[in-house]
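# Results of the structural survey
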Amino acid sequence: MAESIAEIISALLIRLRDPGGASTPRALVMGILSQSQRYYNESLRLKLTQTTFVTSPWVQIYPLTDDPGLLSVSHVTHQNRDLFHVTLQDLRSLDRKWHRATGPRYECFLSLGFTHFILWPARPVADSVTLIGPTTTVPLTSETQTLELSQERTPLLIQLTELILLNRLQDDTAFNAVVQNFVPFLPKEMVRASRSQASA
């Protein structure tokens, strides 16, 4: 049975040597745990969802904010075909006037950060595609809730939350000790994502 948020918060506060939550309120721990779960799922795409997205004639750039259930786009299908995931440089190589291109069907897609994406080329008629990506995890608002991620993923998520809290408390000794145990078990996908964000 999955641990409740109340049990996880209590365990974290004990590890922070603040069981009463004097320096780190329980509400703060719950908020950081909630955001950590969201980031963890976004980085590793552990819990995915799919949705039908209606497109418009002559349009290539679409906002993702219209669908709150999807954090980002990792896969797109159209007419039972998988679209290629490309970069902006790929589009420029394909067609210098890519932003004006139209065609009978979509060929590829491109993510623009976390808020927009491109479907290329534009179609002259309204259509629909299937978007697949990491689910927006439900914000934690009650200690009776449980985490959405599977139990085998919970220990690293809790350690990630602990690291953030230790950094906030400026406890360098404890932070360095937890980091040494944390990084070797971190999935390679998450390490690559963190490094690419740091170099951006």
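Up top you'll find the structure we're talking about.
Read on for an overview of the structure. (Residues numbered from 1 in each chain as written. Predicted model: local features only at pLDDT ≥ 70, side-chain atom pairs only at ≥ 80, totals over all residues. Heavy atoms only, no water.)

## What to know about the overall build of the protein chain
- From N to C terminus, the protein chain includes 6 helices and 8 strands.
- In the protein chain, the succession of helices and strands from N to C terminus is α-α-β-β-β-β-β-α-β-β-β-α-α-α.
- When each of the 200 residues of the protein chain is scored for burial, the buried share is 42%.
- In the protein chain, once contacts between residues fewer than 6 apart in sequence are set aside, the share between residues at least 24 apart is 71%.
- Summed over all atoms, the accessible surface of the protein chain reaches about 11,400 Å², with 54% contributed by carbon and sulfur. (Helix = DSSP H or I, 4+ residues; strand = E, 2+ residues; numbered from the N terminus. Buried < 20%, exposed > 50% of the residue type's maximum accessible area, 1.4 Å probe, protein only. Contact = heavy atoms within 4.5 Å. Areas by Shrake-Rupley, 256 points an atom, 1.4 Å probe, with all protein chains shown as cover.)

## Thoughts on the sheet that holds strand S3 (residues 75–78)
- Strand order in this open sheet of 4 strands is S1-S8-S3-S4, and the pairing throughout is antiparallel. Pairing within the sheet leaves two strands with one partner each, and these edge strands are strand S1 (48–55) and strand S4 (81–82).
- Examined bridge by bridge, S1 and strand S8 (residues 127–134) share 8 bridges and lie antiparallel to one another. Note on S8: the bridge partner recorded for Val-54 is Ser-128. (Pairing = 2+ DSSP bridges.)

## As for the nonpolar core
- Judged by nonpolar contacts, the single largest core of 25 residues is most densely connected at Ile-5, Leu-33 and Leu-147.
- With 7 residues, helix H4 (residues 154–169) is the largest single contributor of residues to this core.
- Setting aside its immediate chain neighbours within four residues, Leu-147 contacts Ile-5, Ile-8, Leu-33, Gln-37, Leu-140, Thr-154 and Leu-157. (Core = buried A, V, L, I, M, F, W, Y, C linked by side-chain atoms within 4.5 Å.)

## Quick word on unusual backbone geometry
- With an omega of -10°, the peptide bond between Trp-120 and Pro-121 qualifies as cis.
- For Pro-121, the location among the structural elements is in the loop between strand S7 (116–120) and S8.
- With phi around 65°, Trp-58 is a residue other than glycine that occupies positive phi space.
- A relative accessible area of 57% means that Trp-58 is categorised as exposed.
- The phi dihedral of Gln-170 is positive, around 60°, even though this residue is not glycine.
- Here Gln-170 shows up in the loop between H4 and helix H5 (172–182).
- By relative accessible area, which is 67% here, Gln-170 ends up exposed.

## Notes on helix H1 (residues 5–15)
- The set of residues buried in H1 consists of Ile-5, Ile-8, Ile-9, Leu-12 and Leu-13. Each buried residue of H1 sits inside an arc of 135° when the element is viewed along its axis, so together they form one side.
- On its buried face, H1 is in contact with helix H2 (26–44) and H4.
- Looking one or two residues past H1, Arg-17 carries a phi angle of roughly 60°, positive in sign. (Arc of directions from axis to C-beta.)

## So, the packing of aromatic side chains
- Considering all chains together, one arrives at 3 aromatic pairs under this definition.
- Three or more aromatic residues link up through ring pairs in this structure, and these residues are Phe-53, Tyr-62 and Phe-117. (Phe/Tyr/Trp six-rings, centres within 6.5 Å; stacked < 30°, edge-to-face > 60°.)

## Digging into the environment of Thr-135
- Along the chain, Thr-135 falls in the loop between S8 and H4.
- Distance from Thr-135 to Arg-38, taken between C-alpha atoms, is 8.6 Å for residues 97 residues apart in sequence.
- Apart from the residues within four sequence positions on either side, Thr-135 is in contact with Asn-41, Lys-47, Leu-48, Thr-49, Gly-69 and Leu-71.
- A distance of 3.5 Å separates a polar atom in the side chain of Thr-135 from the backbone oxygen of Leu-48. (Polar contact = N/O pair within 3.5 Å; in protein donor to acceptor, adjacent residues only side chain to side chain.)

## Some thoughts on the side chain of Thr-24
- Note that Thr-24 resides in the loop between H1 and H2.
- Since its relative accessible area comes to 1%, Thr-24 is described here as buried.
- Other than its neighbours up to four places away in sequence, Thr-24 contacts Leu-13, Leu-16, Asp-18, Val-29, Leu-165, Arg-168 and Leu-169.

## Quick word on the packing of H1 against H2
- In the contact formed by H1 and H2, the axes pass within 10 Å of each other and the chain directions differ by 110°. One element, H1, and the other, H2, form an angle in the roughly perpendicular class. Taken together, the residues of H2 that come into contact with H1 (itself represented by Ile-5, Ala-6, Ile-8, Ile-9, Ser-10, Leu-12 and Leu-13) are Arg-26, Val-29, Met-30 and Leu-33.
- Looking at the contact of H1 with H2 residue by residue, the class counts come to 9 nonpolar, 1 polar and 1 charged. (Axes fitted to C-alpha atoms, helices over the stretch in contact; angles between N-to-C directions. Parallel < 35°, antiparallel > 145°, perpendicular 65-115°, else oblique. Nonpolar A, V, L, I, M, F, W, Y, C, P; charged D, E, K, R; others polar.)

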